[in-house]
Amino acid sequence: MALGVGGICDGTAAERKIPPIAGELAGNLVLHGWPAFPGLAWKVTAVAAGDATLLRLSATAPGLNLQVEARLPADGGRGSWRVTEGAADVEAWLPVAKAQPGLAALPGDLKMSGAIRLAGEGTWQGSDWAGTVSSTLENGRADSATQGWSAADIGVVSELDVRAGVATLRKAQIRVGSVQAAGLVLQDLRVDVAGADGQRLQVSRAELELLGGHVTLAPFVFDPAAPAVETTADFSRLSLGELARLAPQALAEADGRLDGRIALRWTAAAGFELGAGSLATTAGVPATIRLAAKPGFLTERMPRTISLLPDWLGPVAKWFSPANPAYGTLSDIEMGRQPLAVERLSLKLYPDGPDAARSTLVELAARPTAGGAVDRVDFTVNVAGPLNQVLRLGLNESVQVKVGAGP
């Protein structure tokens, strides 16, 4: 039947005259050598409808129900088609999707669920199909235990152009309620995508909520055949308190906001990697920190007493050695008993540092909230090595302490 219609449509005007057709064809499609593909039951019903033939096509399988209606004019002219019903279950068809060429980079233990609805319409003549197909994913979920991430409340709305029977992405909007990865919780992820050359995707918008603040990614191109991301992340008003919870070895608690920009890379093999960039306290927003207890962090370079006379005077020198007024304050600071009011706090990342693959510089200028003999404390913390040492701070730092009046 399909061959007969195609032959008539490709002939002369007289030959293209098609009488009304009535009948039914049905069968089962099984793709040997493709074990992930389930058996597909299909049926085509032809009904005479005035000067045209109405074709109803159905395809059903576990987790799939597709119904398409096509109208074929008797004069052999361009007909029309539309999807009258389309529904698919993501979990049921995920094994089929993972078997597609170019998707080998997906984690082997990837799990996904959700419901997809399909709609579309267009025209056709012979083998030339054209039109638009839209799909909507609702209540999606995904996770990979090996890569250590999970996503919930996924919604995707996409539009595809169909030309000569080939579908290409026109645009898509992706919304994800929450993502948990690397000990972080990302919320309200929003991505706008458009089709680009070579089956690549142009990401024009990508933003999310993270650590109580907002993150915006610069536009980038994504190639599904070689999945990787190279972009820049702008951070706005990140919570210093939530960030402090990622570094319990360095900070007991903190309050304030951070802004900045950091280069960002992602590959399926390596996951997320941070590049060059910096974060600093938000201007005009008060910030305080309280250090995690570390005896000697500040006082190991500070004497308990001040020697007014030379040591060769023996006991007399000790009698004239009053207590160092700064020692107690510094001890309170290093043990976390004395909070610090932050004047300036910045964190700078330098890829490919001199001693390791990555180095970090943390600079802090702060004043004790209770006042006293210590006017201001300046920290310069240098970290060389993997980025996770930034959270531990390594404490391989040079410390400068200002005593008395300062700028």
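Residues numbered from 1 in each chain as written. Predicted model: local features only at pLDDT ≥ 70, side-chain atom pairs only at ≥ 80, totals over all residues. Heavy atoms only, no water.

*Asks:* Run through the overall build of the protein, naming residues and quoting values.
*Replies:* When helices and strands are tallied, the protein shows 6 helices and 22 strands. Looking at the protein as a whole, 36% of its 407 residues are labelled buried. Nonlocal contacts in the protein, meaning residues at least 24 apart in sequence, comprise 46% of its contacts between residues at least 6 apart. Total accessible area on the protein stands at roughly 21,900 Å², and carbon and sulfur atoms take up 57% of it. (Helix = DSSP H or I, 4+ residues; strand = E, 2+ residues; numbered from the N terminus. Buried < 20%, exposed > 50% of the residue type's maximum accessible area, 1.4 Å probe, protein only. Contact = heavy atoms within 4.5 Å. Areas by Shrake-Rupley, 256 points an atom, 1.4 Å probe, with all protein chains shown as cover.)

*Asks:* Can you break down a nonpolar patch on the surface residue by residue, with the values?
*Replies:* A cluster of nonpolar side chains, contributed by L25, L29, L31 and W42, occupies part of the molecular surface with about 310 Å² of accessible area. Mapped onto the elements, L29 comes out in strand β1 (residues 23-29). Residue classification places L29 among the partly exposed positions, given a relative accessible area of 35%. (Patch = residues over 30% accessible without salt bridge, like charges linked within 9 Å, V, L, I, M, F, W, Y side chains within 5 Å. Salt bridge = Lys/Arg side-chain N within 4 Å of Asp/Glu carboxyl O.)

*Asks:* With reference to specific residues and values, describe the pairing of strand β4 (residues 64-73).
*Replies:* Bridge analysis of strand β3 (residues 52-61) against β4 gives 10 bridges, and the strand direction is antiparallel. In the strand pairing of β4, S58 is matched with Q67. The turn linking β3 back onto β4 is made up of 2 residues, and G63 within it adopts a positive phi angle of 80 degrees. The pairing of β4 with strand β5 (residues 79-89) spans 8 bridges and is classified as antiparallel. Paired with L66 across the bridge in β5 is G86. A loop of 5 residues connects β4 with β5, the two strands running antiparallel in sequence, and G76 in this loop sits at a positive phi of about 80 degrees. (Pairing = 2+ DSSP bridges.)

*Asks:* For the environment of R200, give the residues involved together with the corresponding values.
*Replies:* Mapped onto the fold, R200 is located in the loop between β10 (184-195) and β11 (201-210). Taking the C-alpha atoms as reference points, R200 and P224, separated by 24 residues in sequence, lie 6.6 Å from one another. Look past the residues within four positions of R200 in its chain and what remains in contact with it is A194, G195, V221, F222, D223 and P224.

*Asks:* Pulling in residues and values, what's your account of the side chain of Q338?
*Replies:* Considering the arrangement of structural elements, one finds Q338 in the loop between α5 (325-334) and β19 (340-351). Accessibility expressed as a relative area gives 9% for Q338, which makes it buried. Within the structure, Q338 has its side chain in polar contact with the backbone nitrogen of A370 (distance 3.4 Å). Leaving out residues up to four positions away in the same chain, Q338 has contacts with T329, D332, I333, P368, T369, A370 and G371. (Polar contact = N/O pair within 3.5 Å; in protein donor to acceptor, adjacent residues only side chain to side chain.)

*Asks:* Explain the nonpolar core to me, and be specific about the residues and the numbers.
*Replies:* Membership of the largest hydrophobic core comes to 53 residues, with the highest contact counts inside it found for V215, F235, I289 and F379. Not counting residues within four places of it along the chain, the set of residues in contact with F235 comprises L210, H214, V215, L258, D259, G260, R261, I262 and L279. The next biggest cluster of nonpolar side chains, apart from the first, holds 10 residues, and it includes L55, V83, W124 and V133. (Core = buried A, V, L, I, M, F, W, Y, C linked by side-chain atoms within 4.5 Å.)

*Asks:* Give me the lowdown on the environment of R337, citing residues and values where you can.
*Replies:* As for its placement among the helices and strands, R337 is situated in the loop between α5 and β19. For R337 and A292, which are 45 residues apart along the polypeptide, the C-alpha to C-alpha distance reads 9.2 Å. The residues touching R337, leaving out its near neighbours within four places in the chain, are S331 and D332. Here S331 takes part through its side chain, which lies 3.3 Å from a polar atom of the side chain of R337.

*Asks:* Hey, could you go over the pattern of salt bridges for me, with residue numbers and the actual values?
*Replies:* For the coordinates displayed, the defined rule picks out 20 salt bridges. Among the salt bridges present, the one from D51 reaches R71, with a minimum N-O distance of 3.8 Å. Of this pair, D51 sits in the loop between β2 (40-49) and β3 while R71 sits in strand β4, and the two are 20 residues apart along the sequence. Salt bridges here are not isolated pairs; linked through shared partners, they connect E343, R367, D375, R376 and D378.

*Asks:* How would you explain the confidence of the model for the protein if you had to name every residue and give the values?
*Replies:* Here the protein shows a mean pLDDT of 81. Residues at 70 or above account for 80%. Strand β12 (residues 213-217) holds the highest mean pLDDT among the elements of the protein, 97, whereas helix α1 (residues 2-9) holds the lowest, 35. Across residues 1-15, where pLDDT falls below 50, the model places 14 contacts with residues more than four positions away in sequence or in other chains. Contacts for the low-pLDDT stretch residues 387-407, under 50 throughout, to residues beyond four places or in other chains number 50 contacts. (pLDDT = per-residue confidence, 0-100.)

*Asks:* Which residues make up the packing of aromatic side chains, and what values do they have?
*Replies:* For the structure on display, the rule yields 4 aromatic pairs. Ring geometry for F37 against W93: centres 5.9 Å apart, planes inclined by 80 degrees, an arrangement best described as edge-to-face. One end of the pair, F37, is in the loop between β1 and β2; the other, W93, is in helix α2 (residues 90-98), and 56 residues separate them in sequence. Note on W93: relative accessible area 17%, which makes it buried. Between W124 and W129, the aromatic rings sit 5.0 Å apart at their centres with planes inclined by 15 degrees, giving stacked as the arrangement. (Phe/Tyr/Trp six-rings, centres within 6.5 Å; stacked < 30°, edge-to-face > 60°.)

*Asks:* Give a description of α2 that names residues and reports values.
*Replies:* Every buried residue of α2 is accounted for by V90, W93, L94 and V96. Packing partners of the buried residues in α2 comprise β3, β4, β5, β6 (111-125) and β7 (128-144). Sitting at the amino-terminal end of α2 is D89, which places a side-chain oxygen 3.3 Å from the backbone nitrogen of E91.

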